[in-house]
Amino acid sequence: MEPSSVVETPSPTVSQRDQWIVESQVFQIYQLFSTIPPNAQSLMLELQRDKHIEYLSKGLRHLGSAFSVLDANRPWLCYWIIHAIALLGETIDDDLEDNTVDFLNRCQDPNGGFAGGPGQMPHLATTYASVNTLITLGGDKALASINRDKLYGFMRRMKQPNGGFRMHDEGEIDVRACYTAISVASVLNILDDELIKNVGDFILSCQTYEGGIAGEPGSEAHGGYTFCGLAAMILIGEANRLDLPRLLDWVVFRQGKECGFQGRTNKLVDGCYSFWQGGAVALLQRLQSVIEEQMVEASQSFTKSDAPDEKESSAGTSSHATSRIRREGISESCSSDVKNIGLNFINEWRESEPLFHSIALQQYILLCAQEQEGGLRDKPGKRRDHYHSCYCLSGLSLCQYSWSKRPDSPPLPKVVMGPYSNLLEPIHPLFNVVLERYREAHEFFSGL
Amino acid sequence: MAGKIEDESNDRVPLRLRPEWSDVTPIPQNNGPNPVVPINYSEEFSEVMDYFRAVYFANELSSRALSLTAEAISLNAGNYTVWHFRRSLLESLKVDLHVEREFVERVASGNSKNYQIWHHRRWVAEKLGLEARNSELEFTKKILSIDAKHYHAWSHRQWVLQTLGGWEDELNYCSELLAEDIFNNSAWNQRYFVITRSPFLGGIKAMRESEVLYTIEAIISYPENESSWRYLRGLYKDEATLYVNDTQVSSVCLKILRTKSNYLFALSTLLDLICLGYQPNEDFRDAIEALRTSDNEEQDSDIARTICSILEQVDPIRVNYWVWRKSRLPQAA
Ligand SMILES: [Zn+2]
């Protein structure tokens, strides 16, 4: 920045140029915002609820031919739309609700799992989307329509010896598959030792030198996989095996001066990472004591090992070794404890401060990701879509409740950016379903 | 003929008019009377999928089924069921997989950002074995020349290296990409992959010294580049003591701090070092002192606290994180 340090200005690299273009677009919006009168500002910050509902509901009833490329993702479309509507505190008409249950039932495979559309093969990601949609709809009919026994069989067939899961028969193995399997199994109360076995090893092998988590061992740390990996590790009670201080450091650095999150180091800001990265920080906010423990351990491992010949063993492996012991202690009583992790996560909630910049992120979502005509998007210049609408709103909800005493206690007006009517429903951050619907589902499935 | 994408021109003959399909009864999608998220399929899309269902449900392992999967993929490359069926067709019909590779390449040229294309490509390469090595490395190189951070392309390339080999030139390739764009974090990640896993380089211990030099040079040229700082830290993964004791690390921090510009990562790195037990000397204290702004910072004898306070100021987007770090500093020695 300082002219004195620049001898000759090399031409900017692709990363720099792309970054500067986006920065200038975003700052233009913030600049405009700062110059307009307060009443115009609060108008600009207003969540266009009716417009969003209109856009979302329309997609539920009709999609143009361009959506053919999502023909193997239709349960995802259901989830993105119905979850976004639920976040906005609305419900869909009874007939649409029935039609959704009926449609997803046609995607359900007789041998377990949900497919991307009727007549397709079952797939773990669309299973996650279908189950989350049915939980969001709620009610006995929707919840009872899930064939848990068959679904469990499907998940066992997808389970790999290395601990990971395949997305579908002969499909790819990655951290997404692990999360979608574990999340579904957890919320449906069918998580057991067989499904959990070695999955922690697989996810651990995907944490990179940067601190974040990649899709496969060796790949680059990425927001989507980081959320998936961390949430899955929490759900199986093995989060303490990850290097959490490095994970936290990586993820908080993904929030940039554009105020939103990027997916990877030196990539561009994108509204959907409001949930993937914001969600990962929100989860870490609940793991503070474990992070502290790991930090203390790391600082002590040095002071203890002043003798040079000792240094490798103690600094290199000590933290790893202790977490392993701790984990083995837990895993003895695993089955019963693990089944309640999702619920305990909510019940053991304590008031704390967010570790990311919640207000800034809300600003990005409302001013840069929101389309005034309805729907939300990646960034200015991009077009709205259902995926980004879902994940921008999910991220916004996380921000609004990030200071709350209880996961669902109404936040103070000052922490909700824009008019208080912007307030969304709270979510369960491990599953990304509206909290109240999670509770209903948990009760339903724990009684089965 | 197998594996050819039909021309997208208007002279496409509908399947129902093609004599070779006359014996097949298409199966419409079981969408129900009132489907949600209904897609207004084009006539062509519906017809192709209706015929696809007919052959798929009948498990018809024929060459006409194979060309039909190509049509279906050209309409929606994200349909994993179609790809899956295509693989069983390729196997049972013993199709030349070199031809299949070209097919994947054509599909990828339209849109390469879906899981199915890459999963399929991996399957083909696995079947072809060693002979596929160069073509796969070239293919990913081509994709990466257009989008140097393409996640799937990098994953595929790593799989090729690990399964089929070809490591010899990979470090050079990373250097080339980083010379073009030092901010390309994917190239840094690949570099880490190579130095830690290449069978020719002796692993991270053998590479550390030269990599530290390379990285420090990159940091000095662009101290605002987070990628190089994270890479530097990565070179000491699970070696905290080595990290803290290596004067090259602390020196580069000091050097950047003294320039008083773009010092965010130098400062946060120094904080990490101190948290791990590093004892900064007077030079560091002076450099930190010089960064303090007079306005509102509390006087503090603890250098780690001072660093956190500066970070709160100069890195306001992470203010909560720095406040939190400040409240969790290890007991000063
Ligand atoms: Zn996005």
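Thresholds applied
Residues numbered from 1 in each chain as written. Chains lettered and ligands numbered in written order. Predicted model: local features only at pLDDT ≥ 70, side-chain atom pairs only at ≥ 80, totals over all residues. Heavy atoms only, no water. Helix = DSSP H or I, 4+ residues; strand = E, 2+ residues; numbered from the N terminus. Rg over C-alpha atoms; globule rule 2.2 N^0.38 Å. Contact = heavy atoms within 4.5 Å. Areas by Shrake-Rupley, 256 points an atom, 1.4 Å probe, with all protein chains shown as cover. Lys, Arg positive; Asp, Glu negative; His and termini not counted. Charge placed at Lys NZ, Arg CZ, Asp CG, Glu CD. Buried < 20%, exposed > 50% of the residue type's maximum accessible area, 1.4 Å probe, protein only. Salt bridge = Lys/Arg side-chain N within 4 Å of Asp/Glu carboxyl O. Donors = N, O, S within 2.8 Å, 3.2 Å for Na, K, Ca; no water. Tetrahedral: all angles 85-135°; square planar, octahedral: opposite > 155°, others 65-115°. Buried area = accessible area lost by both parts, 1.4 Å probe. Polar contact = N/O pair within 3.5 Å; in protein donor to acceptor, adjacent residues only side chain to side chain. Axes fitted to C-alpha atoms, helices over the stretch in contact; angles between N-to-C directions. Parallel < 35°, antiparallel > 145°, perpendicular 65-115°, else oblique. Left-handed = near helix turned anticlockwise from the far one by under 90°. Nonpolar A, V, L, I, M, F, W, Y, C, P; charged D, E, K, R; others polar. Core = buried A, V, L, I, M, F, W, Y, C linked by side-chain atoms within 4.5 Å. Patch = residues over 30% accessible without salt bridge, like charges linked within 9 Å, V, L, I, M, F, W, Y side chains within 5 Å. Phe/Tyr/Trp six-rings, centres within 6.5 Å; stacked < 30°, edge-to-face > 60°. Lys NZ or Arg CZ within 6 Å of the ring centre and 35° of its normal. pLDDT = per-residue confidence, 0-100.

### What to know about the overall build of chain B
Thought 1: Along the backbone of chain B there are 17 helices and 0 strands.
Thought 2: Computed over C-alpha atoms, the radius of gyration of chain B comes to 28 Å, more than 25% over the 20 Å expected from 2.2 N^0.38 for 333 residues, which places it beyond the range of a compact globule.
Thought 3: Across its three principal axes, chain B shows a C-alpha extent of roughly 90 × 50 × 35 Å.
Thought 4: Partitioning the intrachain contacts of chain B with sequence separation of at least 6 by distance along the chain shows that 62% fall at a separation of at least 24.
Thought 5: Total accessible area computed for chain B in this model is approximately 14400 Å², and 49% of it derives from carbon and sulfur atoms.
Thought 6: Both charge centroids of chain B, one from 37 positive and one from 48 negative side chains, sit 3 Å from each other.

### Overview of the overall build of chain A
Thought 1: Along the backbone of chain A there are 21 helices and 2 strands.
Thought 2: Relative to the compact-globule value of 22 Å for 448 residues, chain A shows a C-alpha radius of gyration of 22 Å, a close match.
Thought 3: Relative to its full complement of 448 residues, chain A shows a buried share of 62%.
Thought 4: A separation of at least 24 residues holds for 71% of the contacts in chain A among residues at least 6 apart in sequence.
Thought 5: Carbon together with sulfur atoms contributes 52% to the accessible area of chain A, which is approximately 16800 Å² in total.
Thought 6: Averaged over its 40 positive side-chain charges, chain A has a centre that lies 2 Å from the centre of its 56 negative ones.

### Re the pattern of salt bridges
All names here are of chain A.
Thought 1: Following the criterion strictly, the structure yields 42 salt bridges over all chains and no others.
Thought 2: Note that Arg264 and Glu220 form a salt bridge whose closest N and O atoms lie 2.9 Å from each other. Taken together, the residues Arg264 in the loop between helix 13 (244-252) and helix 14 (273-285) and Glu220 in the loop between helix 11 (199-204) and helix 12 (223-235) connect sequence positions 44 residues apart.
Thought 3: On the basis of relative accessible area, Arg264 is assigned to the buried category, the value being 6%.
Thought 4: Classification of Glu220 by relative accessible area gives buried; the value is 4%.

### Focus on the coordination of the zinc ion
Residue and element names in this part refer to chain A.
Thought 1: Taken together, Asp270 (OD), Asp270 (OD), Cys272 (SG) and His388 (NE2) make up the protein donors of the zinc ion, found 2.0 to 2.5 Å from the metal.
Thought 2: Taken together, the 4 donor atoms coordinating the zinc ion span angles of 57 to 124 degrees at the metal, a pattern that classifies the geometry as irregular.
Thought 3: We note that the donor set of the zinc ion lies within a single chain, spaced as D-x1-C-x115-H. Each member of the pair, Asp270 as well as Cys272, carries the same accessibility label: buried.

### Some details on the interface of chain A and chain B
By convention, interface size is frequently given as the accessible area that disappears when the constituent parts associate.
Thought 1: Each partner contributes to the interface: chain A provides 90 residues, whereas chain B provides 85 residues.
Thought 2: Between chain A and chain B lies a buried interface of about 7300 Å² when both sides are counted; carbon and sulfur atoms form 52% of it.
Thought 3: Linking chain A with chain B are 5 salt bridges, by the criterion used here.
Thought 4: As a salt-bridge pair, Arg230 of chain B and Asp249 of chain A come within 2.9 Å of each other at their nearest N and O atoms.
Thought 5: At the surface where chain A touches chain B, the tally comes to 49 residue pairs in polar contact (both at pLDDT 80 or more).
Thought 6: Listed by contribution, the elements that provide at least two residues to the side of chain A that touches chain B are helix 1 (14-35), helix 3 (49-61), helix 4 (74-87), helix 5 (94-107), helix 13, helix 15 (288-303) and helix 16 (311-331) of chain A.

### Let's talk about the packing of helix 19 (residues 358-369) of chain A against helix 20 (residues 386-400) of chain A
Residue and element names in this part refer to chain A.
Thought 1: For the pair helix 19 and helix 20, interaxial distance at closest approach is 9 Å and the crossing angle is 150 degrees. One finds that helix 19 runs roughly antiparallel with respect to helix 20. When you trace helix 19 past helix 20, the crossing you get is left-handed. Note on element contacts: helix 20 touches helix 19 through Cys392, Gly395, Leu396, Cys399 and Gln400, opposite Ser358, Leu361, Gln362, Ile365, Leu366 and Ala369.
Thought 2: Tallied by class, residues from the contact of helix 19 with helix 20 come to 7 nonpolar, 4 polar and no charged.

### Brief notes about the nonpolar core
Residue and element names in this part refer to chain A.
Thought 1: Counting residues in each nonpolar core, the largest one holds 253 residues, and the members touching the most others are Met155, Phe165, Leu230 and Leu248.
Thought 2: Per-element tally for this core: the top contributor is helix 4, with 11 residues.
Thought 3: Discounting chain neighbours no more than four positions away, the residues touching Met155 are Leu124, Phe165, Ala181, Val184, Ala185, Ile190 and Leu195.

### Brief notes about a negative patch on the surface
All names here are of chain A.
Thought 1: A surface patch of like charges, here negative, comprises Asp140, Glu436, Glu440 and Glu443.
Thought 2: For the negative patch, the leading source of residues is helix 21 (residues 435-446), giving 3 residues.
Thought 3: Checked against the element boundaries, Glu436 lands in helix 21.

### Points about the packing of aromatic side chains
Centre-to-centre distance and the angle between the planes together describe a pair of aromatic rings.
Thought 1: On inspection of all chains with the given rule, the structure shows 38 aromatic pairs over all chains.
Thought 2: Measuring from centroid to centroid gives 5.0 Å for Phe444 of chain A and Phe445 of chain A, while their planes differ by 85 degrees, and the two rings are edge-to-face. Each member of the pair, Phe444 of chain A together with Phe445 of chain A, is buried.
Thought 3: In this structure, Arg176 of chain A packs its charged tip against the face of Tyr115 of chain B, placed 3.7 Å from the ring centre.
Thought 4: Across from the ring centre of Trp349 of chain A, 3.5 Å away, lies the NZ or CZ of Arg286 of chain A, which sits over that ring.

### Let's talk about the confidence of the model for chain A
Thought 1: Averaged over all residues, the pLDDT of chain A is 92; the fraction at 70 or higher stands at 90%.
Thought 2: Confidence over residues 305-334 of chain A falls short of pLDDT 50; this stretch has 34 contacts with residues more than four positions distant or in other chains.

### Regarding the side chain of Ser394 of chain A
All names here are of chain A.
Thought 1: Position of Ser394 among the secondary structure elements: in helix 20.
Thought 2: Looking at Ser394, its side chain comes within polar contact range of the side chain of His83, at 3.3 Å.
Thought 3: Ser394 has contacts with His83, Leu87, Phe275, Ile427 and Asn432, leaving out every residue within four places of it along the chain.

### Details of unusual backbone geometry
Residues and elements named next belong to chain A.
Thought 1: Within the chain, Asn189 stands out as a residue other than glycine whose phi angle is a positive 65 degrees.
Thought 2: By the secondary structure assignment, Asn189 is in the loop between helix 9 (175-187) and helix 10 (193-196).
Thought 3: Judged by its relative accessible area of 21%, Asn189 falls in the partly exposed class.
Thought 4: A positive phi angle, close to 85 degrees, is found at Cys259, a residue other than glycine.
Thought 5: Tracing the sequence through the fold places Cys259 in the loop between helix 13 and helix 14.

### Some thoughts on the packing of helix 8 (residues 170-180) of chain B against helix 9 (residues 185-197) of chain B
Residue and element names in this part refer to chain B.
Thought 1: Helix 9 packs onto helix 8 with a crossing angle of 160 degrees between their chain directions and a minimal axis gap of 9 Å. As summarised for this structure, helix 8 and helix 9 are arranged roughly antiparallel, according to the angle between their axes. Where helix 8 crosses over helix 9, the two elements pack in a sense that is left-handed. Along its contact with helix 8, which presents Glu170, Leu171, Cys174, Ser175, Leu177 and Leu178, the element helix 9 presents Ala187, Trp188, Gln190, Arg191, Val194 and Ile195.
Thought 2: A per-class count over the contact of helix 8 with helix 9 returns 8 nonpolar, 2 polar and 2 charged.

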